[in-house]
Structures are given as structure tokens and as C-alpha cells.
Amino acid sequence: MPRPVKCRKVCHFPNVLEFLPADDTEKKMPIVLTVDEYETIRLLDKKGYSQEQCAESMQIARTTVQRIYEIARKKIADALIDGHPLRIEGGYFIICDGQSSDCSFGGCYKHEIYQKYAVKKGEGIMRIAVTYENGQIFQHFGHTETFKIYDVEEGKVLHSEVVDTNGSGHGALAGVLNALNADVLICGGIGGGAQTALAAAGIKLLGGVSGDADKAVEAFINDTLDYNPDVKCSNHEHNHGEGHTCGEHGCGSHSCH
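Parameters and conventions
Residues numbered from 1 in each chain as written. Predicted model: local features only at pLDDT ≥ 70, side-chain atom pairs only at ≥ 80, totals over all residues. Heavy atoms only, no water. Helix = DSSP H or I, 4+ residues; strand = E, 2+ residues; numbered from the N terminus. Buried < 20%, exposed > 50% of the residue type's maximum accessible area, 1.4 Å probe, protein only. Contact = heavy atoms within 4.5 Å. Areas by Shrake-Rupley, 256 points an atom, 1.4 Å probe, with all protein chains shown as cover. Pairing = 2+ DSSP bridges. Axes fitted to C-alpha atoms, helices over the stretch in contact; angles between N-to-C directions. Parallel < 35°, antiparallel > 145°, perpendicular 65-115°, else oblique. Nonpolar A, V, L, I, M, F, W, Y, C, P; charged D, E, K, R; others polar. Left-handed = near helix turned anticlockwise from the far one by under 90°. Salt bridge = Lys/Arg side-chain N within 4 Å of Asp/Glu carboxyl O.

Draft legend 1. Representation of the overall build of the chain in the model. When helices and strands are counted, the chain shows seven helices and 11 strands. In the chain, buried positions account for 48% of the 257 residues. Taking the intrachain contacts of the chain between residues at least 6 apart in sequence as the baseline, contacts between residues at least 24 apart amount to 70%. With an accessible surface of roughly 13200 Å², the chain has 48% of that area assigned to carbon and sulfur atoms.

Spelled out as C-alpha cells, the structure:
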């Protein structure tokens, strides 16, 4: 019986899910880079981590990092040299929720959020997060500087609070919401990569909503919220690989089997 694959912790979900050759006259099969393979490239080549540091961040063995990294670089080389589209999806991964104090070697803002908020949420409480600015629903998820969170029980808001994202960009915001232990996100525009990250984290998305944040939450509670299930972010719509999901092996909020 094969040994089960251990989930790889991903702290930054890719903003762009598909890259296409500029000269696309010859249609070629896309090369698929998994999310965990992407994370090794980000940590080793972009952040400059050692393989040991990368292994610690992803919570896997160094030999596993080495193997994933070699596969990822070969795929990228094939895409660049042979002119294949490169698509990012699938893999055995879990979105960072800030539980680990070792994340980013003690400097992870998500860990601070998790310590403050995740443990405070009680049984039977739904936590709704809204992209927030001056009382309104902020319209670009990837540039959200604050979320307003609402704890709801039996159709009533028990508590609400504005939370600073500490400058977290597109790829890290799903992790912030995961650390907040959010069940639902209400927002305006949102790109495909962020939507996929939220799905992997098990967070329900209600996009394409505008107006007063408090009223939107009230409408959601009363099942009258007008939202767009096919919402797109106009700033990124052209390259998010519409229609692709994380793949059947995304660990989400569960362990791999």
C-alpha cells in the first residue's frame, strides 16, 4: 500500500493561474505546475530560502523539497523553451492558517491573527468577513487593507470588529481569512487565483457585492443578499485561467489521505 502524501503548507497562493505564449499560433498542451511546486519556486528562487528553511516553512522533509523543486524547475524549463502554456493548479497542499509559530521563522502576521481570533470563535458561530473601507465593501479583494468580521449566531450579530491585513497582498489574503477562521467572505471584485485559494481553504465566497458592509451582512443573514456567483476581477480577468480549480488533491481544511 503506497504511503500517504503529506500535505504541504502554502503561505502564498499564486495570483495568476495561467501563462500563455504571446505567439499562440500553435496550440500545445499546457504544462501543469502544482500549487506546492509553485511554493517551492517562490520560497527558494524568489525569497532566497535555503532548502532547510523551505522545508520548515512547508512542514515537509528537505528531501521532499528537493524532489518537488527539481520537478517544478523542469516543468518551467519545458514551458519556456518549448512554448507550452503553463497552468498552476492541483497538488497536495493546505493554505496556511497561522497556527504554526514557526511560519516565516516567527515573523508571520497570520500567526498573530490566529492567536487573537481563531481561538475566540465559539461553537455554533458563523464568522463573516467583508472587504472593508470607510463603512463600504471595498471593491478589489487583492488590495484589501482591512476586513470587517462579524460573528453571527441564530441570525444575530454578536460581535463585529475591523481587522488590519498588515499589507498582505493577493496571494496571502486567503491565509489571513483562514487564520481569522472565517466561514464566509463578502466582497466586490475578486480574481480567479483568489477564488481558488478561498475554495481550498473552505471559505464560501459571495462576490460582486457593493454598498454598505453592515447592510450586506444583514441581507446575507436574511437570505436576501444580491451577489454574483460568476464574479471576476477586471484587473486580472485575462490571465486567471477561468474555469480551473485547485484540483482534487488540494487538502483544504482536511488532511490528505
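Past the structure itself, the notes keep going.
Draft legend 2. Local environment of the sheet that holds strand β3 (residues 31-33). The strand order across the open sheet formed by three strands is β2-β4-β3, and the pairing between neighbours is mixed. Each end of this open sheet is capped by a strand with a single partner; those strands are β2 (18-19) and β3. As defined by bridge partners, β2 adjoins strand β4 (residues 86-88) across two bridges and the pair is classed as antiparallel. Within β4, the position partnered with E18 by the bridge is R87. The sheet contacts of helix α1 (residues 35-46) involve β3 and β4, and relative to β3 the element is tilted by about 70 degrees. Sitting on the sheet, helix α3 (residues 62-82) is in contact with β3 and β4, with an inclination near 145 degrees to β3.

Draft legend 3. Focus on the packing of helix α2 (residues 51-58) against α3. Where α2 meets α3, the closest approach of the two axes is 8 Å, and the angle between their N-to-C directions is 100 degrees. What the angle tells us is that α2 and α3 run roughly perpendicular. Every residue of α3 that contacts α2 at Q51, E52, C54 and A55 is listed here: R62, V65 and Q66. Here the residues of the contact of α2 with α3 sort into three nonpolar, two polar and two charged.

Draft legend 4. The packing of α1 against α2, seen in detail. Closest axis-to-axis distance for the α1/α2 pair is 10 Å, and the angle between their directions is 135 degrees. In terms of their interaxial angle, α1 and α2 are classed as oblique. Here α1 runs over α2; the crossing is right-handed. Of the residues in α2, those in contact with D36, E39, T40, L43 and L44 of α1 are Q51, C54, S57 and M58. Its residues placed into classes, the contact of α1 with α2 shows four nonpolar, three polar and two charged.

Draft legend 5. Spatial organisation of the pattern of salt bridges. In the structure shown here, the tally under the stated rule is eight salt bridges. A salt bridge links D151 to R127; the nearest nitrogen and oxygen atoms lie 2.7 Å apart. In this pair, D151 is assigned in strand β8 (residues 146-153) and R127 in strand β6 (residues 126-133), connecting sequence segments 24 residues apart. Assessed through its relative accessible area of 9%, D151 is described here as buried. For R127, a relative accessible area of 2% translates into the label buried.

Draft legend 6. Structural context of the environment of I203. Its place among the elements puts I203 in the loop between α6 (192-200) and β11 (204-206). Exposure remark for I203: the relative accessible area of 5% places this residue in the buried category. Residues contacting I203, with those up to four places away along its chain left out, are A174, L177, N178, A182, D183, V184, L185 and L198.

Draft legend 7. Quick peek at α1. Buried residues dominate α1, accounting for 10 of its 12 residues. For α1, the full list of buried residues reads V35, D36, E37, Y38, E39, T40, I41, R42, L43 and L44. Each element contacted by the buried residues of α1 is listed here: β1 (8-10), β3, α2, α3, β4 and β5 (93-95). Of the residues one or two after α1, G48 is the one with positive phi, at around 80 degrees.

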